[in-house]
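The lines below spell out each chain.
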Amino acid sequence: RSMTQSDMSAGRYVGARVARSEDPRLMRGLARYLDDIELPRMLHAAFVRSPMAHARVVQIDVEEVRGMPGVVGVFTHGDLAGVGPIQAIGPRPEIKSSLRAVLADGKVRFVGEAVAVVVAESRYIAEDACELVDVEYEQLRVVANARAALEPGAPILHADLGDNRISRIERSGGDIDHAFAAAAHVVKVSFHHGRVGALPLETRGVIGDWDAGTSTMRVWNSSQMPHLLRALIAAPLGLAETQLEVMVPAVGGAFGLKASVYPEDIVVPAVSRLVGRPVKWVEDRYENLAASSHAKEIDIDMEMAVAEDGTFLGVRAKNLSDPGAYSMPPFQAHHESLGSVNCMTGIYDIAAASYVAETALTNKAPLGVYRGVGWTPGQTVREVLVDDVARAIGRDPVELRLQNCIPDTPYDSVIGPRYDGGSYRRSLELATEMADYRGIRERQIEQRNQGKYVGVGVSPYVEPTGFGGRIGNELGYPGEYYDTASISIQADGSIYVMSGLNSQGQSHETTFAQLAADGIGARIEEVRVVQGDTKSTPFSAGVYASRSALIGAATIGRAAHEMKRRLVALAADMLEANVDDVEITHGKAFVRGAPEVVKTIADIAAYVHWGGGAAAVDLEEGALSVSSSAAPGGSYGNGCVVAVVVVDIETGKIQVEKVVSVEDCGTMLNPMIVEGQVAGAVAQGIGDALLEEHQYNEDGAFMSASLLDYLYPSTMEIPDIAIGHLETPAPGVPGGFKGLGEAGVIATPGAVLNAVADALSPFGVRVHSTPLGPSKVLDLIDEAREA
Ligand code: MCN
Ligand code: SMO
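Residues numbered from 1 in each chain as written. Chains lettered and ligands numbered in written order. Predicted model: local features only at pLDDT ≥ 70, side-chain atom pairs only at ≥ 80, totals over all residues. Heavy atoms only, no water.

A. Here's a closer look at the overall build of the protein. The helix and strand tally for the protein stands at 22 helices and 30 strands. Since a compact globule built from 787 residues should have a radius of gyration of about 28 Å, the 27 Å found for the protein is in line with a globular shape. Each of the three principal axes of the protein carries a C-alpha extent, and together these read 90 × 70 × 45 Å. In the protein, which comprises 787 residues, the proportion classed as buried is 63%. (Helix = DSSP H or I, 4+ residues; strand = E, 2+ residues; numbered from the N terminus. Rg over C-alpha atoms; globule rule 2.2 N^0.38 Å. Buried < 20%, exposed > 50% of the residue type's maximum accessible area, 1.4 Å probe, protein only.)

B. How the structure looks around the sheet that holds strand S9 (residues 165-173). If you walk across this open sheet you meet the five strands as S9-S17-S16-S15-S10, and the pairing is mixed. Taken across any chain shown, the strands that pair with only one partner, and hence form the sheet edges, are S9 and strand S10 (185-193). Recorded for the sheet is a direction-independent mean angle of 10 degrees between the axes of neighbouring strands. Sheet analysis places S9 next to strand S17 (residues 352-360), joined by eight bridges and oriented antiparallel. Within S17, the residue paired with Arg-165 across the bridge is Ala-360. (Pairing = 2+ DSSP bridges. Axes fitted to C-alpha atoms, helices over the stretch in contact; angles between N-to-C directions.)

C. Molecular detail of the pattern of salt bridges. By the definition in use, this model includes 51 salt bridges. Of the charged contacts, one joins Arg-766 and Asp-388 as a salt bridge, the two residues approaching to 2.7 Å between their closest N and O atoms. Of this pair, Arg-766 sits in the loop between helix H21 (743-759) and helix H22 (774-786) while Asp-388 is found in helix H11 (residues 375-393), placing the two residues 378 residues apart along the sequence. Using a relative accessible area of 5% as the deciding quantity, one classes Asp-388 as buried. The salt bridge involving Arg-441 is made with Asp-396; its shortest N-O contact spans 3.6 Å. (Salt bridge = Lys/Arg side-chain N within 4 Å of Asp/Glu carboxyl O.)

D. Expanded view of a negative patch on the surface. Residues Asp-61, Glu-64, Asp-134 and Glu-136 make up a contiguous surface patch of negative charge. Mapping Glu-136 onto the fold places it in strand S8 (residues 134-139). Judged by relative accessible area, Glu-136 falls into the partly exposed class, the value being 42%. (Patch = residues over 30% accessible without salt bridge, like charges linked within 9 Å, V, L, I, M, F, W, Y side chains within 5 Å. Areas by Shrake-Rupley, 256 points an atom, 1.4 Å probe, with all protein chains shown as cover. Lys, Arg positive; Asp, Glu negative; His and termini not counted. Charge placed at Lys NZ, Arg CZ, Asp CG, Glu CD.)

E. The arrangement of the packing of aromatic side chains in detail. For the structure shown, the criterion picks out 11 aromatic pairs. Arranged with centres 5.0 Å apart and planes meeting at 80 degrees, the rings of Phe-331 and Tyr-544 form a pair that is edge-to-face. Linking Phe-331 in the loop between strand S16 (312-321) and helix H10 (335-342) with Tyr-544 in the loop between strand S23 (527-531) and helix H17 (548-575), this pair joins segments that are 213 residues apart in sequence. Exposure class is identical for Phe-331 and Tyr-544. Each is buried. One aromatic cluster in this structure is built from Tyr-411, Tyr-419, Tyr-424 and Tyr-636. For the cation-ring pair, Arg-547 lies above Tyr-544, with the distance from its terminal atom to the ring centre recorded as 5.6 Å. (Phe/Tyr/Trp six-rings, centres within 6.5 Å; stacked < 30°, edge-to-face > 60°. Lys NZ or Arg CZ within 6 Å of the ring centre and 35° of its normal.)

F. The side chain of Asn-288, seen in detail. Relative to the elements of secondary structure, Asn-288 occurs in helix H9 (residues 285-292). What makes Asn-288 buried here is its relative accessible area of 3%. Leave out the neighbours within four places in its chain, and Asn-288 touches Leu-199, Thr-203, Leu-257 and Glu-283. (Contact = heavy atoms within 4.5 Å.)

G. Spotlight on empty space enclosed by the protein. For the structure on display, the rule yields three cavities of 30 Å³ or more. Of the pockets and cavities examined, the largest cavity occupies roughly 60 Å³. Every residue along the wall of the largest cavity is listed here: Arg-204, Gly-205, Val-206, Asn-221, Ser-222, Ser-223, Leu-229, Lys-258, Ser-260, Tyr-262 and Asp-265. When grouped by side-chain class, the residues that make up the lining of the largest cavity number three nonpolar, five polar and three charged. Taken as a whole, the second largest cavity encloses approximately 40 Å³ of empty space. Lining the second largest cavity, in full, are Gly-197, Ala-198, Leu-199, Leu-257, Asn-288, Leu-289, Ser-292, Ser-293 and His-694. Here the lining of the second largest cavity is composed, by residue class, of four nonpolar, five polar and no charged. (1 Å grid on protein atoms, 1.4 Å probe; cavity = no way out; pocket = protein on both sides within 12 Å on 5 of 7 lines; lining within 4 Å. Points joined across faces, edges and corners; volume = space filled by probe spheres on them. Nonpolar A, V, L, I, M, F, W, Y, C, P; charged D, E, K, R; others polar.)

H. A look at the packing of helix H12 (residues 397-404) against helix H13 (residues 424-434). Taken N-terminus to C-terminus, the directions of H12 and H13 make an angle of 165 degrees; their axes are 10 Å apart at the nearest point. What the angle tells us is that H12 and H13 run roughly antiparallel. In the packing of H12 onto H13, the handedness of the crossing is left-handed. Every residue of H13 that contacts H12 at Val-398, Arg-401 and Leu-402 is listed here: Arg-425, Leu-428, Glu-429 and Thr-432. Residue composition of the contact of H12 with H13, grouped by class: three nonpolar, one polar and three charged. (Parallel < 35°, antiparallel > 145°, perpendicular 65-115°, else oblique. Left-handed = near helix turned anticlockwise from the far one by under 90°.)

I. Quick peek at the site of ligand 1. By nearness alone, 31 residues border ligand 1, and Ala-254, Gln-506, His-508, Ser-548 and Gln-677 come closest of all. Phe-255 is positioned with one of its backbone polar atoms (N or O) 2.8 Å from an oxygen atom of ligand 1. Contact between ligand 1 and Ser-548: an oxygen atom at 2.7 Å from a side-chain N or O atom of the residue. Top element by residues in the shell around ligand 1 is helix H20 (residues 671-690). It accounts for three residues. For the shell around ligand 1, the residue count by class is 12 nonpolar, 15 polar and four charged. Both domains that meet at the shell around ligand 1, namely domain 1 (5-31 + 482-629) and domain 2 (423-464 + 634-787), each give it at least three residues. (Near = heavy atom within 4 Å. Polar contact = N/O pair within 3.5 Å; in protein donor to acceptor, adjacent residues only side chain to side chain. Domains from an automatic or database assignment.)

J. Main features of the packing of H20 against H21. Running from N to C, H20 and H21 cross one another at 45 degrees; their axes reach a closest spacing of 7 Å. Comparing the axis directions of H20 and H21 gives the class oblique. When you trace H20 past H21, the crossing you get is right-handed. For the pair H20 and H21, contact is made by Ala-681, Val-682, Gln-684, Gly-685, Ile-686, Asp-688, Ala-689 and Leu-690 and by Gly-744, Val-745, Thr-748, Pro-749, Val-752 and Leu-753, respectively. Here the residues of the contact of H20 with H21 sort into nine nonpolar, four polar and one charged.

K. Geometry of the side chain of Glu-202. Looking at the element boundaries, Glu-202 is found in the loop between S10 and strand S11 (205-211). A relative accessible area of 16% means that Glu-202 is categorised as buried. Of the polar contacts made by the side chain of Glu-202, one reaches the backbone nitrogen of Gly-252; its length is 3.0 Å. Leaving out residues up to four positions away in the same chain, Glu-202 has contacts with Tyr-33, Leu-34, Ser-222, Ala-250, Val-251, Gly-252, Gly-253 and Lys-258.

Below, the structure is given as structure tokens:
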């Protein structure tokens, strides 16, 4: 049974600004997060963490701790025999992956790595006990960055890997040599995208509760992917998946940070089994900053071959990403280097492209995924380069982009991605119009003469969304995912939607209810969405890569459609009417043309459950329980961000005055939620461009261990954000939905950096790194003046 677009998007809820059903509890502090869970006899864990970047663990003395009142256990690697390691399977043969012991196995490889765990009656006692664990380290030479990691004679982090190079992937499409030979201009940029962090308000957390009687483990974890987490921690815990239940309570933001597997995810349940009591661990902010995961650090060299008339002939990129000390499953260590080249042609019609994408391990915290994975640096550098080209050849950057823009129809890029149609050109036009681009340009020179340096930057983007099958494959992540949702109607007519796609703030409870209510013809008040529990929800690969709108629509939408068919058949039986004449809408079934006689969904449900009436229909066919599995091929969302900044050339301070964001995520499920997604991501994009950076010194010491050192945006740094919507339905997705959850983080940094370079264009400033803080701005002005 196929579902057409109108089946799914013509409803009363899909497309409407339905208020978030989550908000009353979130806003009033009634949501239950992991740390709100208290189990009887529960103990608390704290970790001893390495102060060294690279060292041999010579000896760990825990004697003093063992006798401490309130301490129940202290464990090191040797005590956890058979537990772990965390193993990441490379999706391609040319990508290596490291093994990671869950507690340091004779060696530590970054500051913050877990060495031992103490379990005690309270977190206070556990923390005090950690201080008394005496670890003797023998310092090893530190690999401070990816370039150093590849130098001959560099210390090798993982002996079994042979060297530190985790991946090197080359690809080229079109005649790249010819493109550069034929170019009238070649413009290059060497860019360093800084190391940042996802920084959710709620840190990570784990509770393990071993039931010795049934040999089963209950785990609570603030994960983005309960089913995948269960699959990935079962083997390291030596359990079958049926012995393991993963539950995810309310999550206070994740942004990718909670989509990896971490040592604590395994250690906490493992020690619960050892001590025979429930154990809780909630990450503190130091642990979150130092030892969960970082993101996006990469060096990218990119060059563009340009014809006399401004046509982009070819683009070449070479990158080297610094993924820290370990591969993190399921996304591995190469995701920044591969992601950033996948998007290297952007919205431009470029006949030739080539890349070399490399990754080399260092003594830093592992890189995980963070909103806009790989595409943030790739997009940023490409858009910075396009502005450099415009300045080099004396063209307006918007006109130059429009000249080289692909059509709004489907388009195969020369390097891999196959866009399925969008508003590549229209979004650029709309965003610049909304920002009053022409007006800003007209006022700019006069303002400059008055000493006010105003700049405007644009950043059109395309983003892959809905990872499942095709889209992952064409981007170099072979592997099909599997997602199921189920819908059941209870005897009182209330409706369960069960989905393993659990929300961390994206409002799935609301948008999935919209989908189900429209698909069934029910009232949204009757729908309850259940998420985040491996026992009651069917398998889902999880929430990341902006996949839930697409996957949710396909799975929930299809199940709802089938449920409606069953309800109509049952109602026809009850109303003694022909199936084709029965309609169901807003929870009521009736014969078309005779709306006075109705059967509510509750009537139909009672008929099936208690009335024996279902015998008229085949009982199996008429059962009010439906599951649907689907994996649509994904779709490319697109849009354009424009930023306007004012730069104080005396202090280097950058004020972002205005951001315009136009997105095209196909059919919108809920425009209000789309706007919330855009606003949050734009804020994170501003942080990425101007403020945030995890820093290490040459010795591998971690320099951003508190929120005094790691700066992130507050309301003071976030301007008014004007949002424009375009809707180009995805052709291959039921309902035409595309994802958009990451767009702002992908596109905003490029817009902000371009705006800064534009403001400072009288000095000839070129931007080549993030974040762009005040002192760096002053340096850039000095550099440009000297040059
Ligand atoms: N939506 C919509 N119409 C569309 C597309 C999406 O109304 N055409 C709605 C969806 O129904 C969903 C939300 O917008 O409620 C985001 O949808 P989607 O783009 O499919 O992304 P996901 O739901 O899969 O969320 C993942 C994405 C990612 S990858 C990161 S990282 C991120 C993000 O979402 N982390 C977030 N947004 C976040 N927002 C919050 N509050 N917290 C996070 O941790
Ligand atoms: S970083 Mo988002 O969870 O793909």
